[in-house]
Each structure stands twice: as C-alpha cells, then as structure tokens.
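Observations on chain architecture
Now for the letters of each chain:
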Amino acid sequence: MERRLERERRQMLDDHLAARGITDASVLAAMGTVPRELFVPGHLWEAAYDDHPLPLGNAQTISQPYIVALTLQAANIQPDDVVLDIGTGSGYAAAVASRIAARVVSVERVSDLSRQAETVLRKLGYENIELLIGDGTRGAPEHEPFDVIISAAAAANIPESWSEQLAPGGRIVAPVGTRSGQRLRSVRRDARGDWIETDFGGVRFVPLVTGGSSASSSRAGEREER
Ligand code: SAH
C-alpha cells in the first residue's frame, strides 16, 4: 500500500500539477512530501491522489490537488514567510504550506474539523502550524503581520482585515465571488503601497461563513473544482 501511494503521489505531481502549469519547485517538492491520504476520510484513501475535491464530513471538502498547488504557487511563499491559512478543513493545504514557509497560522470555524486536523498534523510531527478555531473573516489579529494569506473559502470581496494584516510586500490569494461564479484572485501590495491584482481563472470553493464558530456545519455539501 505504501508503495502504491508513493507512486500515486508522484503521478499527481506529473499528471495533475506539472502538466497543468505548476512549475514552482518548492510547491512540487512540498506536495511530493505531504501524505495526502492521511488528510482524507479513511474509506476514501484510494482516491486521495485523484484530482478532485473529496468530502471531509461536516459538509466540507478537502481541496483538489491542482487548486492547492495553484493557490500556493500564486502566493509565491518564501522560506522565511509567515502564512495565514483561512479554512483549515482537513489541514492539508496548511500542511503543504508549512513545508515551504517558516510558520503557518490556520483558522477554521468548525471545531470538529480543526481537532481532526490537529491529530493528523501532530502525528506527522509538523510543529510550525498553529491551529485557531473561529471566524477567519477577521484574520488572526493576535498573530499579524502575515507575508501570505491564502483562503479556501470564497467571499464576495476580500475582507478588509486581511489586507490590514498583510506585511509590506505581502500577498493574498483567495477565491472571490458568489456561488454562481468565483475567480481565484491574488492581490499584492507593491513597494509604493499600490495594490496589484491578478486573476487565476474560475474556481468553485465553499463560501466563507461570517460570524462565530460552530462545532459542526450543517451547510449543504458543496464542491470545489476546476
Ligand atoms: N484548506 C482545506 C480546505 C477546506 S474547505 C483543506 O486543505 O482541506 C474550506 C473550509 O473553510 C471549510 O472547512 C469551512 O468550514 C471553512 N470556513 C468557511 N468559512 C470560514 C470562516 N469564516 N472562518 C474559518 N473557516 C471557514
């Protein structure tokens, strides 16, 4: 089984990521290291490396590999960076980011998901990730500033608190839009303080739910794909 999963992980790098334009060596190396099968529900381990999102329980999903890679590549994470990850979910994206960055702070509103993620991350011995439970719309004011903010939940607009908690030269990569249409966008603050926006195409993420946290989520299952 171990051999098979390793082969599938390599295939994911070649067929789903490199072949579709993921060229950032640090992203490919990190995704070649993190055992994605540990982040998906046990009965779905055989599908762990397929290029589509998978259900996590609590009506949430683990992002498809290509979308995780595209988000991280767009964020251009450097080894000294501190990253804020909105929507911990399974913890997979946070885990991959933590293999590139110095430190990752990850916020999840569904406490059950955060606790499951913590169990997996502890098992892997990934110690540079801090998990917070709460509304990521507010960012993580007690840990700012961040060099990079990534989100796996879509808002109509990028929350102001995220822009405010960004370090000089920082980047935000997030899905922006509604259920009927979302774009993956990056915004970056240049040396003069101007904002530069880049569009990475149409995506489908779960919505950013504003206000409070919950033990479990009752929202209808939604998928994210591209
Ligand atoms: N990065 C995750 C993807 C999870 S899907 C992974 O790799 O598995 C998006 C997650 O965002 C869901 O778990 C959802 O509960 C969470 N979410 C939605 N609104 C949120 C908010 N306001 N604050 C924090 N998390 C939120």
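Look a little higher up for the structure.
From a predicted model like this one, the values you see are computed outputs, not experimental measurements.

One ladder, built from three bridges, connects strand S1 (residues 54–57) with strand S2 (residues 60–62); its direction is antiparallel. In the sheet register, Gly57 faces S2, and the bridge partner there is Gln60. Hairpin geometry of S1 and S2 is characterised by an intervening segment of two residues between the two adjacent antiparallel strands and by a positive phi of about 55° at Asn58.

Omega for the peptide link from Glu144 to Pro145 comes to 5°, which places this bond in the cis form. Counting through the fold element by element, Pro145 comes out in the loop between strand S5 (129–133) and strand S6 (146–151). Despite not being glycine, Asn76 has its phi angle at roughly 50°, a positive value. Residue Asn76 is classed as partly exposed on the basis of its relative accessible area of 40%.

What follows deals with the packing of aromatic side chains. In total, this model carries one aromatic pair according to the counting rule given. Between Phe39 and Tyr92 the ring centres are 5.7 Å apart and the planes differ by 70°, which places this aromatic pair in the edge-to-face class. With Phe39 in the loop between helix H2 (25–33) and S1 and Tyr92 in helix H4 (residues 92–98), the pair connects residues that are 53 residues apart, well separated along the chain. The ring of Tyr66 has Arg20 lying over it, and the distance from NZ or CZ to the ring centre is 3.9 Å. The ring of Tyr126 has Arg99 lying over it, and the distance from NZ or CZ to the ring centre is 3.6 Å.

Taken together, the neighbourhood of the ligand is formed by 25 residues, with Ser90, Glu108, Asp135, Gly136 and Val209 sitting nearest. Ala93 places a polar main-chain atom, nitrogen or oxygen, 3.1 Å from an oxygen atom of the ligand. Val209 places a polar main-chain atom, nitrogen or oxygen, 2.6 Å from a nitrogen atom of the ligand. In isolation the ligand has 580 Å² of accessible area, and contact with the protein removes 99% of it. Broken down by secondary-structure element, the contributors of at least two residues to the shell around the ligand are S2, H4, strand S4 (103–108) and strand S11 (206–207). In the shell around the ligand, the residues fall into 12 nonpolar, 10 polar and three charged.

The next subject is the sheet that holds strand S3 (residues 82–86). Each strand in a sheet pairs with another by means of backbone hydrogen bonds, the pair being arranged parallel or else antiparallel. Spatially, S5-S4-S3-S6-S8-S9-S10 is the arrangement adopted by the seven strands of the open sheet, whose pairing is mixed. Whereas interior strands pair on both sides, the edge strands pair on one side only; in this sheet they are S5 and strand S10 (195–203). Geometrically, the sheet is characterised by an average inter-axis angle of 15° between neighbouring strands, direction not taken into account. Note: strand S9 (residues 181–189) against S10, seven bridges, orientation antiparallel. Looking at S10, one finds that Arg189 is bridged to Trp195. Relative to the sheet, helix H5 (residues 111–124) contacts S4 and S5, its axis offset from that of S5 by approximately 165°.

Rules used in this analysis
- Residues numbered from 1 in each chain as written.
- Predicted model: local features only at pLDDT ≥ 70, side-chain atom pairs only at ≥ 80, totals over all residues.
- Heavy atoms only, no water.
- Pairing = 2+ DSSP bridges.
- Helix = DSSP H or I, 4+ residues; strand = E, 2+ residues; numbered from the N terminus.
- Buried < 20%, exposed > 50% of the residue type's maximum accessible area, 1.4 Å probe, protein only.
- Phe/Tyr/Trp six-rings, centres within 6.5 Å; stacked < 30°, edge-to-face > 60°.
- Lys NZ or Arg CZ within 6 Å of the ring centre and 35° of its normal.
- Near = heavy atom within 4 Å.
- Polar contact = N/O pair within 3.5 Å; in protein donor to acceptor, adjacent residues only side chain to side chain.
- Areas by Shrake-Rupley, 256 points an atom, 1.4 Å probe, with all protein chains shown as cover.
- Nonpolar A, V, L, I, M, F, W, Y, C, P; charged D, E, K, R; others polar.
- Axes fitted to C-alpha atoms, helices over the stretch in contact; angles between N-to-C directions.
- Contact = heavy atoms within 4.5 Å.

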